[in-house]
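Now for the letters of each chain:
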Amino acid sequence: MNNEWRERTIYIFKKMIQMIMVLILLSVIVFVIARLCPGDPLKAYYGDGAEHMSEMQREAAREKLGLSDSMVVQYGRWAEHLFDGDLGLSYKYKQPVTEVIGGVWVNTLILGGVSYLLTFGLSILLGIFCALREDSLLDKLICKIGVVSGSIPSFFMALLLILIFAVNLKLLPVSGAYSYGSSGDFFDRVYHLILPVAVMVMEHLWYYAYMVRNKLSAETREDYVLLCKAEGIPRKKILRRHCLRNIMPSMLVIMAISVPHILGGTYVVETVFSYPGLGTLSFEAAMYQDYNMLMALCLLTGVVVLVFNLLAQILNEFIDPRIRLVKNLKEAA
């Protein structure tokens, strides 16, 4: 037992080292690409006044922001400050990057968290519903509707819902996370979340529901299900008590992998709805060449993706011992 835990610890440690290396490589790539893109970061900091600067003033401004040094020197300075917990100054907001991110990351977490819970909660219910009626007219109709709606890009779905519910029917707000002066009003926040969450759920729901449906349908063809049917146990009871329990371990792994996938989808939705979150910040950082903000958001996204992928791998090995067995056999060979 001690050897097994030691192997697990070594495995996790190696994965952590790999994550750090990937993050370093990611930071270098983002840093270089951001600085090679056309545009003027001085305009983000000084606004329209940057266009009327003389060459001497521009050079002094670039020196002030640390943009006149070579890319190697700039990256070294940024990395040094990163280890001190300093992510630099946002050119657009003229505030420390940590303060700007700290003011909006909760909004993204709320939007992504609510969308995540609703997506998987509804997908499991819908998957069970379709599996109980496998190959029926209703099952085929739901699957067709799912394929069509799941194929619509999220930005187009968002614009369509805005046109219907905000512009024509005037039932829901078109933008923002809350009304002016109502940041602490729970119901007002829920009111503003309805459309963004609806877009997020519709974008991912059918994909995972179809996955649950197919897994359950495949499970119903196992020998133990035939035995249960022979004993007169109803199909609905078999599906819920036995089949669903057997597919949940693999679904837990999928749910862990899907966290960055669903949270990443908030970036597009936030931009369309002008929702104050990390997605809106990312769009503005790219548009205004706010290098420090862009670097921080890319690293944050990379950390989320890598951490949850590692969590999925660990869960997979804990849940399915056959993976460890196959690995040991390969190493022995």
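Each remark here, short or long, concerns the structure printed above.
An account of the accompanying structure is given in this report. Everything quoted here is computed from the prediction, not taken from an experiment.

1. Looking at the overall build of the protein chain
Link 1 in the chain: Of regular secondary structure, the protein chain possesses 14 helices and zero strands.
Link 2 in the chain: Written out in order from the N terminus, the α and β elements of the protein chain read α-α-α-α-α-α-α-α-α-α-α-α-α-α.
Link 3 in the chain: Projected onto its principal axes, the C-alpha positions of the protein chain cover 90 × 65 × 35 Å.
Link 4 in the chain: Residues classed as buried in the protein chain amount to 38% of the 333 residues present.
Link 5 in the chain: In the protein chain, the proportion of contacts linking residues at least 24 apart, taken out of those at least 6 apart, comes to 71%.
Link 6 in the chain: Here the protein chain displays about 19,200 Å² of accessible surface, and carbon together with sulfur accounts for 67% of that area.
Link 7 in the chain: If the 31 positive side-chain charges of the protein chain are averaged to one point and the 29 negative ones to another, these points end up 11 Å apart.

2. Topic: the nonpolar core
Link 1 in the chain: Counting residues in hydrophobic clusters, the biggest one holds 40 residues, and the most contacted among them are Phe120, Ile128, Val199, Leu216, Leu239, Met251 and Phe273.
Link 2 in the chain: Among the elements that line this core, the one with the most residues is helix α11 (residues 235-273), at twelve residues.
Link 3 in the chain: If we skip the residues at most four places from it in the chain, Phe273 touches Ala158, Ile162, Val174, Ser175, Gly176, Leu195, Pro196 and Val199.
Link 4 in the chain: Counting residues in each nonpolar core, the second largest holds 35 residues, with Phe31, Trp78, Ala285 and Leu299 among its members.

3. Overview of the packing of aromatic side chains
Link 1 in the chain: Taken as a whole and assessed by the stated rule, the structure comprises eight aromatic pairs.
Link 2 in the chain: The interplanar angle of 80° and the centroid separation of 4.9 Å between the aromatic rings of Tyr207 and Tyr208 together place this pair among those described as edge-to-face.
Link 3 in the chain: A relative accessible area of 53% means that Tyr207 is categorised as exposed.
Link 4 in the chain: Judged by relative accessible area, which is 2%, Tyr208 ranks as buried.
Link 5 in the chain: An aromatic cluster is built from Tyr116, Phe120, Tyr207 and Tyr208, whose rings are joined through pairwise contacts.
Link 6 in the chain: The ring of Tyr93 carries the charged tip of Lys92 above its face, separated from the ring centre by 4.6 Å.
Link 7 in the chain: Above the plane of the ring of Tyr45 lies Lys94, whose end atom (NZ or CZ) is 5.2 Å from the centre.

4. Points about unusual backbone geometry
Link 1 in the chain: Unusually for a residue other than glycine, Lys170 sits at a positive phi of about 55°.
Link 2 in the chain: One can find Lys170 in the loop between α8 (154-168) and α9 (186-219).
Link 3 in the chain: When its relative accessible area of 66% is taken as the criterion, Lys170 is described as exposed.
Link 4 in the chain: Even without being glycine, Ser274 reaches a positive phi, approximately 50°.
Link 5 in the chain: As for its position among the elements, Ser274 is in the loop between α11 and α12 (278-287).

5. Here we look at the pattern of salt bridges
Link 1 in the chain: Taken as a whole and assessed by the stated rule, the structure comprises five salt bridges.
Link 2 in the chain: Put simply, Arg77 and Asp69 hold a salt bridge, and the shortest N to O gap is 2.2 Å.
Link 3 in the chain: A salt bridge links Arg213 to Asp139; its shortest N-O distance comes to 2.5 Å. On the criterion of sequence distance, the pair formed by Arg213 in helix α9 and Asp139 in helix α7 (residues 137-150) is long-range, its members being 74 residues apart. We note that Arg213, like Asp139, is buried.
Link 4 in the chain: Among the charged side chains, a network of salt bridges with common partners joins Glu134, Arg221 and Arg235.

6. What about α9?
Link 1 in the chain: Helix length check: α9 (34 residues) gives 42 Å between terminal C-alpha atoms against 50 Å at 1.5 Å per residue, more than 12% under.
Link 2 in the chain: The axis of α9 is deflected most strongly, by about 40°, at Ile194, and proline Pro196 appears within four residues downstream.

7. Thoughts on the packing of helix α6 (residues 105-132) against α9
Link 1 in the chain: At a closest axis distance of 6 Å, the pairing of α6 and α9 adopts a crossing angle of 35°. In the crossing of α6 with α9, the sense of the turn from one axis to the other is right-handed.
Link 2 in the chain: Here the contact of α6 with α9 is composed, by residue class, of 22 nonpolar, seven polar and two charged.

Each value, and the rule that gives it
Residues numbered from 1 in each chain as written. Predicted model: local features only at pLDDT ≥ 70, side-chain atom pairs only at ≥ 80, totals over all residues. Heavy atoms only, no water. Helix = DSSP H or I, 4+ residues; strand = E, 2+ residues; numbered from the N terminus. Buried < 20%, exposed > 50% of the residue type's maximum accessible area, 1.4 Å probe, protein only. Contact = heavy atoms within 4.5 Å. Areas by Shrake-Rupley, 256 points an atom, 1.4 Å probe, with all protein chains shown as cover. Lys, Arg positive; Asp, Glu negative; His and termini not counted. Charge placed at Lys NZ, Arg CZ, Asp CG, Glu CD. Core = buried A, V, L, I, M, F, W, Y, C linked by side-chain atoms within 4.5 Å. Phe/Tyr/Trp six-rings, centres within 6.5 Å; stacked < 30°, edge-to-face > 60°. Lys NZ or Arg CZ within 6 Å of the ring centre and 35° of its normal. Salt bridge = Lys/Arg side-chain N within 4 Å of Asp/Glu carboxyl O. Expected span 1.5 Å × (residues − 1). Bend = angle between axes of the 7 residues up to and from the residue. Axes fitted to C-alpha atoms, helices over the stretch in contact; angles between N-to-C directions. Left-handed = near helix turned anticlockwise from the far one by under 90°. Nonpolar A, V, L, I, M, F, W, Y, C, P; charged D, E, K, R; others polar.

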